[in-house]
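Notes for the structure review
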Amino acid sequence: MLEKLRHRVVSRIASRHVAGNKLQDALKICAWANSRGYNYILSAWQNGELTELSEEDKNKNMESFISALTSVKKNSGNAYLSIKLDALGYDYALFYELLEMAKAARVRLHIDSLAPDSCDTNFRFLEDTSDYHDFLGCTLPSRWKRSLDDADKAIDLGLSVRLVKGQWEDPFNKIDSRDNYLALAEKLAGKVPYIGIATHDKKLAEQTIQLLKGKQDHFELEQFFSLPLNGISLAKKYSVPYRLYISYGHPAIPYNYRFAMTRPALGVWMVSDFAFHFKKPWAGNGLAH
Ligand SMILES: Cc1cc2nc3c(=O)[nH]c(=O)nc-3n(C[C@H](O)[C@H](O)[C@H](O)COP(=O)(O)OP(=O)(O)OC[C@H]3O[C@@H](n4cnc5c(N)ncnc54)[C@H](O)[C@@H]3O)c2cc1C
């Protein structure tokens, strides 16, 4: 009974964090971003709770990635595609096929980070496909101590990097995610083709921008479309490009709600996510969801 209720609450909150079920829903926000001069990231989300994917599931997910890639190529604006490798059932053949398409379309394919136990597998895929490094990116979560070593791998492989605090805790170490975020930025500065400063922590974003200025040619501020867009003014202030991450498909929560007991603000955000329909700028006179 309690579990059912929890599931309903979580599902309702999660639905706020996808543009809708379909690619068309996300494309409306992409068009809004483009009209404002913002770059964007398109991400088709699949059900990450399935442990075993059938061939049919994998192929369906692959089709949705191909549709997203095709639309990124077709639509105007500066965009790249984010995917989670578990949605392909960690199938090398499918990943290669998608990379070939990304290369032909000259669109970057970015690998989102998942739970810590998937990280070695993600890097194995990135190492095995390093010939495609111009079109490949990885995510480094600052909550994990290992990300400092993974940053060396990203540098050696010539990958674009997105820096996040991360949704999962380090299973072995107590890490200050803000200090480690800045340490990662310092380590990567000037050594990778691109750094995405992906955070809604405005102070941290500003410190990272200041750290990268003059050291890193190409970096941008990246924010999640459904969380407060509090980086727009910051991006303007420092003349840094602003990029929106736009997800659609299977609903999920882009922050770790399991921390709510230790982080009271999260509880407040969840209640407002549950109870209110905030009007978003791209929704015109209507509501965001
Ligand atoms: C572009 C992008 C890509 C990401 N990709 C990944 C990924 O691949 N893997 C991964 O594990 N994580 C990813 N994340 C999620 C990220 O790791 C964090 O879970 C999330 O961004 C919150 O951390 P924060 O750095 O924004 O800091 P926080 O300290 O959590 O938030 C900073 C501030 O943002 C505001 N805020 C944040 N969340 C809410 C909310 N729900 N409601 C109201 N206000 C809020 C508050 O003002 C808060 O003080 C991504 C995030 C972004 C922005």
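Structure's up top.
For every chain, the first residue of the written sequence is number 1, and numbering continues from 1 onward in sequence order. Totals for whole chains, interfaces and linings use every residue, but because this is a predicted model, local features are given only for residues with pLDDT of at least 70 and side-chain atom pairs only at 80 or more, for both listing and counting. As a rule here, side-chain values cover all heavy atoms of the structure and leave hydrogens and water aside.

**Brief notes about helix α3 (residues 55–74)**
A run of DSSP states H or I qualifies as a helix once it reaches four residues; a run of E qualifies as a strand once it reaches two. Both are numbered from the N-terminal end. In this analysis, the expected span of each helix is defined as 1.5 Å times one less than the number of residues it contains. Taking 1.5 Å per residue as the helical rise, α3 with its 20 residues ought to reach 28 Å, and the 28 Å between its terminal C-alpha atoms agrees with that figure. Where the residues of α3 are buried, they touch α2 (23–35), β1 (39–45), β2 (79–83), α4 (92–105) and β8 (242–249). Here, residues are in contact when the closest pair of their heavy atoms is within 4.5 Å.

**Remarks on unusual backbone geometry**
Even without being a glycine, Tyr90 presents a positive backbone phi close to 50 degrees. Assignment of secondary structure puts Tyr90 in the loop between β2 and α4. Partly exposed residues are those whose accessible area sits between 20% and 50% of the maximum for their type, while under 20% is buried and over 50% is exposed, using a 1.4 Å probe and protein chains only. Residue class for Tyr90 comes out partly exposed when judged on its relative accessible area of 27%. Positive phi, normally seen in glycine, also occurs at Ser239, with a value near 50 degrees. Relative to the elements of secondary structure, Ser239 occurs in the loop between α9 (232–237) and β8.

**Side note on the pairing of β2**
The buried count for β2 comes to five of five residues, which makes it a mostly enclosed element. Side chains Ala79, Leu81 and Ile83 project from β2 onto one buried face, and the interleaved Tyr80 and Ser82 project onto a second face that is buried too. Two elements, β1 and β2, share three bridges in a ladder whose sense is parallel. Looking across to β2, one finds that Tyr40 is bridged to Ala79. Pairing between two strands requires that DSSP report at least two bridges joining them.

**Notes on the nonpolar core**
Among buried residues, those of type Ala, Val, Leu, Ile, Met, Phe, Trp, Tyr and Cys that are joined through side-chain atoms within 4.5 Å constitute a nonpolar core. Ranked by size, the top nonpolar core spans 90 residues in total, and within it Leu42, Ile83, Phe95, Leu140, Leu188, Leu244 and Ile246 carry the most contacts. If you tally residues by element for this core, the top one is α2, at seven residues.

**Quick notes on the environment of Tyr255**
Checked against the element boundaries, Tyr255 lands in the loop between β8 and α10 (264–275). Between the C-alpha atom of Tyr255 and that of Trp168, which follows or precedes it by 87 residues, the distance is 8.8 Å.

**Describing the packing of aromatic side chains**
A pair of aromatic rings is counted whenever rings of Phe, Tyr or Trp (Trp by its six-membered ring) have centres within 6.5 Å, and the orientation is called stacked for planes under 30 degrees apart, edge-to-face for over 60 and tilted otherwise. Under the counting rule described, the total for this entry stands at 14 aromatic pairs. Aromatic side chains Trp32 and Trp282 sit 5.3 Å apart centroid to centroid with 65 degrees between the ring planes, which places their arrangement in the edge-to-face category. Here Trp32 is found in helix α2, whereas its partner Trp282 is found in the segment after α10, with 250 residues between them in sequence. Summarising the burial analysis for this pair, Trp32 and Trp282 share the class buried. On the basis of an interplanar angle of 65 degrees and a centroid distance of 6.1 Å, the ring pair of Tyr90 and Phe125 is categorised as edge-to-face. Of this pair, Tyr90 sits in the loop between β2 and α4 while Phe125 sits in helix α5 (residues 119–128); the two residues are 35 residues apart in sequence, bridging distant segments of the chain. Residue Phe125 is classed as buried on the basis of its relative accessible area of 3%. An aromatic cluster is present here, built from Trp32, Tyr38, Trp45, Phe224, Phe225, Tyr242, Tyr245 and Trp282 joined pairwise through their rings. Stacked on the ring of Tyr194, the Lys or Arg Arg108 has its end atom at 4.1 Å from the ring centre. For a Lys NZ or an Arg CZ to count as sitting over a ring, it must be within 6 Å of the ring centre and within 35 degrees of the ring normal.

**Comments concerning the sheet that holds β2**
Within the closed barrel, the eight strands sit side by side as β1-β2-β3-β4-β5-β6-β7-β8. Their pairing is parallel. Strand-to-strand twist in this sheet, taken as the mean axis angle between neighbours without regard to direction, amounts to 30 degrees. Pairing between strand β4 (residues 136–141) and strand β5 (residues 160–164): five bridges, direction parallel. Paired with Gly137 across the strands is Ser160, a residue of β5. Against the sheet, α4 contacts β2, β3 (109–111) and β4, and its axis sits at roughly 140 degrees relative to β3. Of the strands in this sheet, β4, β5 and β6 (195–198) touch helix α7 (residues 177–188), which is tilted by about 165 degrees from β5. The axes are straight lines fitted to the C-alpha atoms, using for helices just the contacting stretch, and the angles between their N-to-C directions are given from 0 to 180°.

**Section: the packing of α5 against helix α6 (residues 147–157)**
Interhelical geometry of α5 versus α6 gives an angle of 10 degrees and a closest axis separation of 11 Å. Comparing the axis directions of α5 and α6 gives the class roughly parallel. On α6, the residues touching Cys119, Phe123, Leu126 and Glu127 of α5 are Asp150, Lys153, Ala154 and Leu157. Classification convention: Asp, Glu, Lys, Arg as charged; Ala, Val, Leu, Ile, Met, Phe, Trp, Tyr, Cys, Pro as nonpolar; all other residues, Gly among them, as polar. Looking at the contact of α5 with α6 residue by residue, the classes come out as five nonpolar, no polar and three charged. Each angle is binned into one of four classes, with values under 35 degrees roughly parallel, values over 145 roughly antiparallel, values of 65 to 115 roughly perpendicular, and all other values oblique.

**Details of the packing of α3 against α4**
Contact geometry of α3 with α4 gives a least axis separation of 10 Å together with a crossing angle of 5 degrees. As the angle between them shows, α3 and α4 are arranged roughly parallel. Along the contact surface, α3 presents Lys58, Asn59, Met62, Phe65, Ile66, Leu69 and Lys73, while α4 presents Leu94, Glu97, Leu98, Met101, Ala102 and Ala105. In terms of residue class, the contact of α3 with α4 is made up of nine nonpolar, one polar and three charged.

Keep in mind that these numbers describe shape and distance, not what the molecule does.
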